[in-house]
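Inside the fold
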Amino acid sequence: MLILLQDIELSKEINESFKQSSQARTKLPSGIEMSVHVLTTGYWPTYPPMDVRLPHELNVYQDIFKEFYLSKYSGRRLMWQNSLGHCVLKAEFPKGKKELAVSLFQTVVLMLFNDAWKLSFQDIKDSTVIEDKELRRTLQSLACGKVRVLQKLPKGREVQDDDSFMFNEEFNAPLYRIKVNAIQMKETVEENTSTTERVFRDRQYQVDAAIVRIMKTRKVLSHTLLITELFQQLKFPIKPADLKKRIESLIDREYLERDKNNPQIYNYLA
Amino acid sequence: MRRSSTRKTGPPNSAASVNSSAVDLFRSASSKAVIKELERIDQLFNSYANRSSGVIDPEGIEALCSDVEVEHTDVRILMLAWKMKAEKQGYFTLDEWRRGLKALRADTINKVKKALPELEKEVRRPSNFLDFYSYAFRYCLTEEKQKTIDIESICLLLDLLLGSQFCTQVDFLIQFLKTQNDYKVVNMDQWMGFLRFCNEISFPDLNNYDPELAWPLILDNFVEWMREKQC
C-alpha cells in the first residue's frame, strides 16, 4: 500500500520537474498537455500490454518524457500502458465546440478523423494497429453508445469487417464537457477462469493465515474443532475438502504436525 | 568407574583389582565371548563391504541376499535394514551392521538367515510395525530434502509392506493411485494415513469411514472413488 501511495506522490513530482525541464520547454509540441503516472511494476495490478500506433504528436511527447525520465533515473525501464491512458480532446462539431473525455484508444481513433471524413474499419485498423477485439469495442463506444461522435455505416450494434465510420456532423449535446464511456469488456471464458483462480489463490492465503492464527493460539486442536473455527472466521464459502488441502499443505511446510498418538489432533509447530 | 574404564581400554583379565570377584570373572568371561562375537560380526561385514569405501554397497547387499537366499526386493531385507537402522538406501555402514546383527544375535551368515523369520514376526507386532512402516518411507527418501515419494514407488512399497496383510485394500488403493491425476507424489502424512486406513476402516463396505474426520484428502478421494465403483 505504501509503495502505491509513494508512486502517486513521486509521479506528481516527476511531472512537475518534467514541466520545468529544458527538454520539455524546447522540444514539446504545443497545444498538448500530458501527465504521467509512473508506477512500480509488481506492486500494481498487471495489464496485458496493448499495441497502438499513436499519432505523431503523442509519440513525440512520450519519447521526450522517456528521455527526461531515463536521464533522471538511468537503468530503469519505462513501459507505456496504453490501455490505461485517457485524454481530453477539443472537438469542433458544426453544432458547437465540445470537450470529449475519452480513453487513449478512443483518442487515437478520433484523431484519424482530423484528416479524414470517412474511414473503413480496415483503414482504422491499419492506421491504429489496435488489437481487433479492442478496436471493435472502441468503435462501438464511439458510434453505437450513448454519445455518438461517429456514425457507423451501415447502422447496427456490432462492428463488422466491412463497416465504415464517419464524423458525426449532427452531433449535439447539452453539456460542454462529455465523457464517452468505454464499453465494458465482456469477460471472456479465459478471463473468467483466471479471475476465479486468482480469487481462489488469494483465498488460500487467507485460509492459511486463519489456520496458523488459530493454531498459534490453541497450540493443540482437533481436526473437527479447527474446521468449525475456520468456518466461523472465514467470510467466504469454502468446501471442507479445500480446508483439508490447506491443512495438509501446512503440515507439508511444517507449520503443523499430526499428533503421533491421535491422528485427529494437530499440533502447532512454532 | 575404574572398572568401566579398564573394560574399555585393556583386555578384561587386566582388571585384577582388589574387588575382583566371581561376578567380575563371569563378566570378563562373557565379555570375552561378546568380543569374539563382535569380531565375527565385523569379519562378516568385511566379507561384504566394498574395500575402498568401507561400507556394504548395493553390490554387497546383492551378495548378502543371495547368501541368505532371499531376493533383494524382499520385504525381509527392508526389515533387516530397519533392525540396523540403516540410513541410506542400498548401503550398510559398519555401525549399522553391528547394531543389527548384535540385536539379532547373529554372527554368521547362517545365523542371519535363520534369524529372518523371527525378525519378520518381530516386525509384524503392531507396536513395531508402525515404526517399521514409517521407517520404510524414510528409507526411500534418497535425495537431500526429499519429502515425498512418487506414486509408482509408493505402489510398490504398499504392496511390499501391506500386500500380504491387507491384500484387497492394497489392490484397490494401488488401482486408485494409478488412475487418479491429482497427486503425483505421496508425503509421509498420507503414507501414515494409508496404514491407519487399512487398520481401522472396514473394507470394502467402508461403513465407518467419515470424511469429516482428519483423513488426508487423498483417502477421501479414494473412498469416493470406491463408492462410485460400487454403485
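Residues numbered from 1 in each chain as written. Chains lettered and ligands numbered in written order. Predicted model: local features only at pLDDT ≥ 70, side-chain atom pairs only at ≥ 80, totals over all residues. Heavy atoms only, no water.

Overview of the overall build of chain A
Secondary structure assignment for chain A yields nine helices and nine strands. Put simply, chain A has 270 residues, and 39% of those count as buried. Surface accessibility of chain A: about 17,100 Å² in total, with carbon and sulfur atoms responsible for 53%. (Helix = DSSP H or I, 4+ residues; strand = E, 2+ residues; numbered from the N terminus. Buried < 20%, exposed > 50% of the residue type's maximum accessible area, 1.4 Å probe, protein only. Areas by Shrake-Rupley, 256 points an atom, 1.4 Å probe, with all protein chains shown as cover.)

A look at the overall build of chain B
Scanning chain B from N- to C-terminus turns up 11 helices and two strands. A total of 231 residues make up chain B; the buried ones form 42% of that total. When the accessible surface of chain B is totalled, it reaches about 13,300 Å², and 52% of it is carbon and sulfur.

Some words on the interface of chain A and chain B
By convention, interface size is frequently given as the accessible area that disappears when the constituent parts associate. Residue-level contacts link 12 residues of chain A with 13 residues of chain B. For the chain A and chain B pair, buried surface summed over both sides reaches about 1,200 Å², with 45% attributable to carbon and sulfur atoms. The largest per-residue losses of area from chain A upon contact with chain B belong to Lys244, Glu248 and Arg258 of chain A, which jointly make up 42% of the total buried on that side. Here Arg258 of chain A and Asp189 of chain B are joined by a salt bridge, their closest N and O atoms 2.5 Å apart. No other element matches the six residues that helix 9 (residues 240-252) of chain A contributes to the side of chain A that touches chain B. (Contact = heavy atoms within 4.5 Å. Buried area = accessible area lost by both parts, 1.4 Å probe. Salt bridge = Lys/Arg side-chain N within 4 Å of Asp/Glu carboxyl O.)

Description of the sheet that holds strand 1 (residues 86-93) of chain A
Where strands meet in a sheet, backbone hydrogen bonds hold them as pairs that are either parallel or antiparallel. All names here are of chain A. The strand order across the open sheet formed by three strands is 1-2-6, and the pairing between neighbours is mixed. Of all strands in the sheet, those with a lone pairing partner are strand 1 and strand 6 (177-179), marking the two edges. The average undirected angle you get between the axes of adjacent strands in this sheet is 30°. Bridging between strand 1 and strand 2 (residues 96-103) involves eight bridges; their strand directions are antiparallel. (Pairing = 2+ DSSP bridges. Axes fitted to C-alpha atoms, helices over the stretch in contact; angles between N-to-C directions.)

Observations regarding the packing of aromatic side chains
Residue and element names in this part refer to chain B. Enumeration over the complete set of coordinates arrives at 29 aromatic pairs over all chains. Between Phe129 and Tyr133 the ring centres are 6.2 Å apart and the planes differ by 35°, which places this aromatic pair in the tilted class. Of this pair, Phe129 and Tyr133 are both found in helix 7 (residues 126-139), four residues apart, which corresponds to roughly one turn of the helix. As far as the burial class goes, Phe129 and Tyr133 line up, both buried. The interplanar angle of 55° and the centroid separation of 5.4 Å between the aromatic rings of Phe176 and Phe222 together place this pair among those described as tilted. (Phe/Tyr/Trp six-rings, centres within 6.5 Å; stacked < 30°, edge-to-face > 60°.)

Some details on the pattern of salt bridges
All names here are of chain B. Across all of its chains, the model carries 26 salt bridges over all chains by this definition. Measuring nitrogen to oxygen at the nearest pair gives 2.6 Å for the salt bridge that ties Lys83 to Glu122. Within this pair, whereas Lys83 is found in helix 4 (residues 75-84), its partner Glu122 is found in helix 6 (residues 109-124), the two being separated by 39 residues in sequence. One exposure class covers both Lys83 and Glu122, and it is buried.

Some points on the pairing of strand 9 (residues 265-268) of chain A
Residues and elements named next belong to chain A. With three bridges joining them, strand 7 (residues 220-222) and strand 9 adopt antiparallel strand pairing. Directly across from Val220, in strand 9, lies its bridge partner Asn267. Between the antiparallel neighbours strand 8 (residues 256-258) and strand 9 lie six residues.

Observations regarding unusual backbone geometry
Leu153 of chain A connects to Pro154 of chain A through a cis peptide bond whose omega is -10°. Among the secondary structure elements, Pro154 of chain A is positioned in the loop between strand 4 (150-153) and strand 5 (164-167). A cis geometry characterises the amide bond from Phe203 of chain B onward to Pro204 of chain B, with omega recorded as 5°. Tracing the sequence through the fold places Pro204 of chain B in the loop between helix 10 (188-200) and helix 11 (217-230).

Some points on helix 7 of chain B
Taking 1.5 Å per residue, 14 residues should reach 20 Å; helix 7 of chain B reaches 20 Å between its end C-alpha atoms and fits that length. Taken together, the buried residues of helix 7 of chain B touch helix 4, helix 6, strand 1 (148-150), helix 8 (151-162), strand 2 (185-187) and helix 10 of chain B. (Expected span 1.5 Å × (residues − 1).)

Comments concerning the side chain of Glu229 of chain A
Residue and element names in this part refer to chain A. By secondary structure assignment, the location of Glu229 is in helix 8 (residues 223-233). A relative accessible area of 16% places Glu229 in the buried class. Those residues within four positions of Glu229 in sequence are excluded, and the remaining contacts are Ile214 and Arg218.

Notes on the packing of helix 4 of chain B against helix 7 of chain B
Residue and element names in this part refer to chain B. Where helix 4 contacts helix 7, the two axes come as close as 10 Å, and the packing angle between them is 95°. On the basis of the axis angle, helix 4 is roughly perpendicular to helix 7. Across from Val75, Leu78, Met79, Ala81 and Trp82 in helix 4, the residues of helix 7 making contact are Asn128, Asp131, Phe132, Tyr135, Ala136 and Tyr139. Residues belonging to the contact of helix 4 with helix 7 are distributed by class as follows: nine nonpolar, one polar and one charged. (Parallel < 35°, antiparallel > 145°, perpendicular 65-115°, else oblique. Nonpolar A, V, L, I, M, F, W, Y, C, P; charged D, E, K, R; others polar.)

Regarding the sheet that holds strand 4 of chain A
Residues and elements named next belong to chain A. Pairing within the open sheet is antiparallel, and its three strands lie in the order 3-5-4. Each edge of the sheet is formed by a strand with only one pairing partner; in this case those strands are strand 3 (118-120) and strand 4. Going across the sheet, the axis of each strand differs from the next one's by a mean of 25°, ignoring polarity. Pairing of strand 3 with strand 5 involves three bridges; the strand directions are antiparallel.

Overview of the packing of helix 8 of chain A against helix 9 of chain A
All names here are of chain A. The geometry of helix 8 relative to helix 9 is characterised by a closest axis approach of 11 Å and an angle of 115° between their N-to-C directions. Judged by the angle between their axes, helix 8 and helix 9 are roughly perpendicular. Judged by the sense of rotation from one axis to the other, the crossing of helix 8 with helix 9 is right-handed. Counted together, His223, Leu226, Ile227, Leu230 and Phe231 of helix 8 and Pro240, Leu243, Lys244 and Ile247 of helix 9 form the full contact between these two elements. When its residues are assigned to classes, the contact of helix 8 with helix 9 shows seven nonpolar, one polar and one charged. (Left-handed = near helix turned anticlockwise from the far one by under 90°.)

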